[in-house]
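# Structural characterization, general
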Amino acid sequence: AVPGLATDAYGLAVSANGATLYTTNFNTGYIAAYNTIDGSPYFSPVLVGGGSSLSPLAIALSGDGSTLFVTSAYDWSLRAFSASTGAAVLGWGTGGVVTAPSALFGIAVSGNRLFVANAATIREYDASTGVLTNSAFATLPAGSNAAGLALSGSNLFVTNQGTGSQVLAYTLSG
């Protein structure tokens with residue numbers, strides 16, 4: 001363990017080689033990256049939303065390791081950042097931002113497919129452009145409150161903190 005590594009982190013993602021830990025900090029509004037061996041910053045913390053804290057929640061790394069995807073609680077956005085510099089990815093969505101119809105929580109990436117959960121729906125986006133490709137990849141049961149997403153093979157798993165509080169599984173096709 002590296003003492004003090006990523007204090008007050010909310011969301012986590014790790015590079016494929018395990019060398020870099022990416023975090024969100026809900027309270028301060030920053031994303032950050034750290035060397036997992038010695039805890040040194042990989043890039044300076046970046047305030048999500050520029051001049052104001054938008055309380056970033058979930059974070060995921062693209063399959064090729066070049067892009068970080070971050071959900072934000074207060075403006076219902078999905079944002080793309082360079083995994084090497086933390087800079088917004090211009091040309092993705094609108095200035096690196098896609099706004100959703102409700103708050104976004106969990107996030108997972110499979111190839112060029114980006115899955116994002118709000119309370120009751122999993123939406124699918126094109127990971128390279130930020131274009132919404134399926135507004136209702138999965139609709140969760142009534143009373144659901146999706147929080148976390150994870151991928152394994154051809155399955156997308158969703159934590160449900162609402163009615164029933166179970167993990168739901170959906171099969172990826174295509």
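For clarity, every value in this text was computed on a predicted model and none was experimentally measured.

## What about the environment of T71?
Its location among the elements puts T71 in strand β6 (residues 67-72). The sequence separation of T71 and P56 amounts to 15 residues, and the corresponding C-alpha distance is 5.7 Å.

## A look at the packing of aromatic side chains
Scanning the model with the defined rule gives 3 aromatic pairs in all. Ring centres of Y10 and F26 lie 5.6 Å apart, and the angle between their planes is 35°; this geometry places the pair in the tilted category. Here F26 lies in the loop between β2 (20-25) and β3 (30-35) and Y10 lies in the segment before β1 (11-14), a separation of 16 residues in the sequence. With a relative accessible area of 55%, Y10 lands in the exposed category.

## Digging into the nonpolar core
Core analysis: the largest hydrophobic core is formed by 15 residues, its most contacted members being F69, L78, W92, I107, L114, V116 and Y125. Taken together, the elements giving at least two residues each to this core come down to β5 (56-61), β7 (77-82), β9 (107-110) and β10 (113-117). Non-local contacts of W92, meaning those with residues more than four positions away in its chain, are made with F69, L78, R79, A80, V97, V98, L114, D126, A127, S128, T129 and G130. In terms of nonpolar packing, the next biggest core, distinct from the first, is built from 14 residues, A117, F137, A146 and L156 among them.

## Considerations on the side chain of S82
For S82, the position within the fold is in strand β7. On the accessibility criterion, S82 (16% relative accessible area) is buried. Polar contacts involving the side chain of S82 include one to the side chain of S84, which spans 3.1 Å. Only 3.2 Å separates the side chain of S82 from the backbone nitrogen of T85, close enough to count as a polar contact. Discounting residues that sit within four places of it in the chain, S82 has contacts with F43, S66, L68, A87 and V89.

## Quick notes on the confidence of the model for the protein
Averaged over the protein, the pLDDT score is 84; the fraction of residues at 70 or greater is 91%. Of all helices and strands in the protein, the one with the weakest mean pLDDT is strand β8 (residues 97-99) (78), whereas β9 scores best (92).

## Focus: the layout of surface pockets
As a volume, the largest pocket reaches approximately 190 Å³. Sorting the residues of the lining of the largest pocket by element identifies β1, β5 and β13 (146-152) as the ones contributing at least two each.

## A few points about the environment of L21
The topology assignment puts L21 in strand β2. Sequence separation between L21 and A142 is 121 residues, and the spatial gap between their C-alpha atoms is 35 Å.

## Re the sheet that holds β7
The strand order across the open sheet formed by 4 strands is β5-β6-β7-β8, and the pairing between neighbours is antiparallel. Each edge of the open sheet is held by one strand with a lone partner, namely β5 and β8. Mean inter-strand twist for the sheet, computed between neighbouring axes without regard to direction, equals 20°. One ladder, built from 4 bridges, connects β5 with β6; its direction is antiparallel. Bridged to A60 within β6 is F69.

Conventions and cut-offs
- Residues numbered from 1 in each chain as written.
- Predicted model: local features only at pLDDT ≥ 70, side-chain atom pairs only at ≥ 80, totals over all residues.
- Heavy atoms only, no water.
- Helix = DSSP H or I, 4+ residues; strand = E, 2+ residues; numbered from the N terminus.
- Phe/Tyr/Trp six-rings, centres within 6.5 Å; stacked < 30°, edge-to-face > 60°.
- Buried < 20%, exposed > 50% of the residue type's maximum accessible area, 1.4 Å probe, protein only.
- Core = buried A, V, L, I, M, F, W, Y, C linked by side-chain atoms within 4.5 Å.
- Contact = heavy atoms within 4.5 Å.
- Polar contact = N/O pair within 3.5 Å; in protein donor to acceptor, adjacent residues only side chain to side chain.
- pLDDT = per-residue confidence, 0-100.
- 1 Å grid on protein atoms, 1.4 Å probe; cavity = no way out; pocket = protein on both sides within 12 Å on 5 of 7 lines; lining within 4 Å.
- Points joined across faces, edges and corners; volume = space filled by probe spheres on them.
- Pairing = 2+ DSSP bridges.
- Axes fitted to C-alpha atoms, helices over the stretch in contact; angles between N-to-C directions.

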